[in-house]
Amino acid sequence: MKSEFLKYQAQTSPYPLGMEVSHAVGSYIYDTNNKKYLDFVAGVSACTLGHQHPRVNNAIKNQLDKYSHVMVYGEYSQSPAVAYCKLLAEHLPYPLEKTYLVNSGTEATEGALKLARRVTGRSQLISCHNAYHGNTMGSLSVMGFEERKRIFRPLVPDVDFITFNNEADLQKITTKTAGIILETIQGGAGFIQPHNDFLKKVRARCTEMGALMILDEIQPGFGRTGKLFGFQNYDVVPDIVVMGKGMGGGMPVGAFTASSAHMDLLSDNPKLGHITTFGGHPVIAAACLATLQELTETNLLSTISEKEKLFRSLLVHPLIQEIRGEGLMLAAMTNGIEITNQVIFKCQEKGLILFWLLFEGCAIRITPPLTISLEEISEGCKIILEAMDEIMAGK
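Below: a short report on this structure.

What counts and how
- Residues numbered from 1 in each chain as written.
- Predicted model: local features only at pLDDT ≥ 70, side-chain atom pairs only at ≥ 80, totals over all residues.
- Heavy atoms only, no water.
- Helix = DSSP H or I, 4+ residues; strand = E, 2+ residues; numbered from the N terminus.
- Polar contact = N/O pair within 3.5 Å; in protein donor to acceptor, adjacent residues only side chain to side chain.
- Contact = heavy atoms within 4.5 Å.
- Pairing = 2+ DSSP bridges.
- Axes fitted to C-alpha atoms, helices over the stretch in contact; angles between N-to-C directions.
- Buried < 20%, exposed > 50% of the residue type's maximum accessible area, 1.4 Å probe, protein only.
- 1 Å grid on protein atoms, 1.4 Å probe; cavity = no way out; pocket = protein on both sides within 12 Å on 5 of 7 lines; lining within 4 Å.
- Points joined across faces, edges and corners; volume = space filled by probe spheres on them.
- Nonpolar A, V, L, I, M, F, W, Y, C, P; charged D, E, K, R; others polar.
- Core = buried A, V, L, I, M, F, W, Y, C linked by side-chain atoms within 4.5 Å.
- Parallel < 35°, antiparallel > 145°, perpendicular 65-115°, else oblique.
- Left-handed = near helix turned anticlockwise from the far one by under 90°.
- Salt bridge = Lys/Arg side-chain N within 4 Å of Asp/Glu carboxyl O.
- Disulfide = S-S within 2.5 Å.

Note on placement: Thr106 falls in helix α5 (residues 105-120). Within the structure, the side chain of Thr106 is placed 2.7 Å from the side chain of Thr136, a separation counted as a polar contact. Apart from the residues lying within four places of it in its own chain, the contact partners of Thr106 are His133, Gly134, Asn135, Thr136 and Ser139.

In structure tokens:
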């Protein structure tokens, strides 16, 4: 299967890991030799409730027995999508009450950028250096990493960049600015958190200048930081929230949420201001609803802090410089890219899945399913420490 994977399926890099997957259950993925791997990555923060979660699986199966795709987005009232958007609104602060369901995080970013321009009538967009918001052309335009986008220029014009946590840069937000898009916690840059009320200061500047504040919750959202959304840790309310990854329990989905007054502008002048065939797909929406119900009706979110503390207490080693991030969105920082590579490869050999971050080569991604047990955390951390001991010993 691996040779056909390389021959027929387009790749994202010259050296994919290439594990031949057989099945996955709970916190484990199994290869075709039935070797099991403890999953500390969760599909890059997408498998919020682990693999084959009964509530999500049952919701998908039940919806398949009723109907699947029946109409392009926004024309028919379909109960999974309606119920999901209603429940989401109940758990978001006012005025974030109307949600546009799309197919991925990058499409949600595209919709949010369009909405900012539609609401304000302005063109300028602001993002952050080392930001990542997706990989389609609009999202690529607000990516703050020139090496990854140079070859695809020209991109969307009138985009400027600031440095995350740099208050002086907020003066770049002016009456010409349609919106500023920020990751609540910078992901690809190394799980960098906002400091010194930075997000509050962005909010205040946007309000003063009449610009929209867009928060990208594609990674921090849906419980990963211990709150349903990462911005709830920082006492701010954005104008638009961008979502994806963990919202579907492993199913492909994205969304952006804003006030009704703002979102309604996409439906007229012009009509079809944003349109998608498969957005709000009933089977996907059913998975989203089940995931959100599990997060809001159980005590799962209250366990995240204890799990974070356990990771931090166990991952103490001379090769680990610091642990960045919050909740179960963590990055173990080594003092070199080669060390990070060795740890990730050695751990996979030992049955533990780790991964990289997009731009920060020293970071080891640790984003397990939120449902991971304390015993599984201890098991995985033991493997990491063993791998690091071997690296120090030159093995």
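That shown, we press on.
The next thing to look at is the environment of Leu49. Here Leu49 is to be found in the loop between α2 (42-45) and α3 (54-64). Put simply, Leu49 and Lys245 are 196 residues apart on the chain and 12 Å apart in space, counted from C-alpha to C-alpha. Every residue in contact with Leu49, bar those within four places of it in the chain, is listed here: Val56, Thr291, Glu294, Leu295, Leu300, Pro369 and Thr371.

Another aspect to go through is the sheet that holds strand β14 (residues 363-366). Read across the open sheet, the three strands follow the order β11-β12-β14; overall the sheet is antiparallel. The open sheet has two free edges, formed respectively by β11 (322-326) and β14, since each of these has just one partner strand. The mean inter-strand angle of the sheet, taken between neighbouring strand axes irrespective of direction, is 20°. Two strands pair when backbone bridges link them, and strand β12 (residues 329-333) and β14 are joined in this way by four bridges, in the antiparallel orientation. From the neighbouring strand, Ala331 faces β14, where its bridge partner is Arg365.

Okay, the pairing of strand β5 (residues 124-128) next. Burial analysis of β5 places five of its five residues in the buried class, the great majority of the element. Burial along β5 is two-sided: Gln124, Ile126 and Cys128 facing one way and Leu125 and Ser127 facing the other are all buried. Relative to strand β6 (residues 159-162), β5 runs parallel, the two sharing four bridges. Counted as the bridge partner of Cys128 is Ile162 from β6.

For the rest of this paragraph, the subject is empty space enclosed by the protein. Throughout the structure, instances matching the rule amount to one cavity of 30 Å³ or more. Lining the largest cavity are His69, Val70, Met71, Tyr73, Gln78, Thr277, Phe278, Gly279, Gly280, His281 and Pro282. Counted by class, the lining of the largest cavity contains five nonpolar, six polar and no charged residues.

When its volume is computed, the second largest pocket comes out at roughly 420 Å³. If you trace the second largest pocket, you find 16 residues lining it, with Tyr73, Gly74, Tyr100, Met263 and Ser267 closest to the centre. Looking at the lining of the second largest pocket, the element that brings in the most residues is strand β4 (residues 98-102), giving three residues. Of the residues contributing to the lining of the second largest pocket, the split by class is seven nonpolar, five polar and four charged.

For Val102, the position within the fold is in strand β4. With 176 residues separating them in the primary sequence, Val102 and Phe278 have C-alpha atoms 7.2 Å apart. With near-sequence residues (within four places) excluded, Val102 lies in contact with Glu107, Ala108, Val253, Gly254, Ala255, Phe256, His274, Thr276 and Gly279.

Our next topic: the nonpolar core. Judged by nonpolar contacts, the single largest core of 112 residues is most densely connected at Phe222 and Leu354. Ranked by residue count, the leading element in this core is helix α10 (residues 282-297), at ten residues. The residues touching Leu354, leaving out its near neighbours within four places in the chain, are Phe40, Val41, Val343, Ile344, Cys347, Ile364, Arg365, Ile366 and Ile384.

Quick look at the packing of helix α11 (residues 304-314) against helix α13 (residues 374-392) now. Contact geometry of α11 with α13 gives a least axis separation of 10 Å together with a crossing angle of 25°. Between α11 and α13, the crossing angle belongs to the class labelled roughly parallel. The hand of the α11/α13 crossing is right-handed. Residues Glu306, Lys307, Leu310, Phe311 and Leu314 of α11 lie in contact with α13, whose contacting residues are Leu374, Ile377, Ser378, Cys381 and Leu385. Of the residues that constitute the contact of α11 with α13, the class distribution is seven nonpolar, one polar and two charged.

Okay, the pattern of salt bridges next. Side-chain pairs of opposite charge can arise where the charged atoms are in close proximity. Within the structure shown, the criterion is met by 13 salt bridges. Measuring nitrogen to oxygen at the nearest pair gives 2.9 Å for the salt bridge that ties Arg153 to Glu146. Looking at Arg153, the relative accessible area reads 42%, which means it is partly exposed. Within this structure, Arg55, Glu294 and Glu297 form a network of salt bridges that share partners.

According to the stated counting rule, one finds zero disulfides in the structure shown. Unpaired in this structure, Cys47 has its nearest cysteine sulfur neighbour in Cys288, at a distance of 13 Å. For Cys362, which is in no disulfide, the shortest distance to another cysteine sulfur is to Cys347 and amounts to 16 Å.

Here the focus is the sheet that holds strand β3 (residues 36-39). Taken together, four strands build an open sheet; the order of strands is β1-β2-β3-β13 and the sheet is mixed. Looking along the sheet, the strands with just one partner apiece sit at the ends: β1 (21-25) and β13 (352-353). The pairing of β1 with strand β2 (residues 28-31) spans four bridges and is antiparallel. In the sheet register, Val21 faces β2, and the bridge partner there is Asp31.

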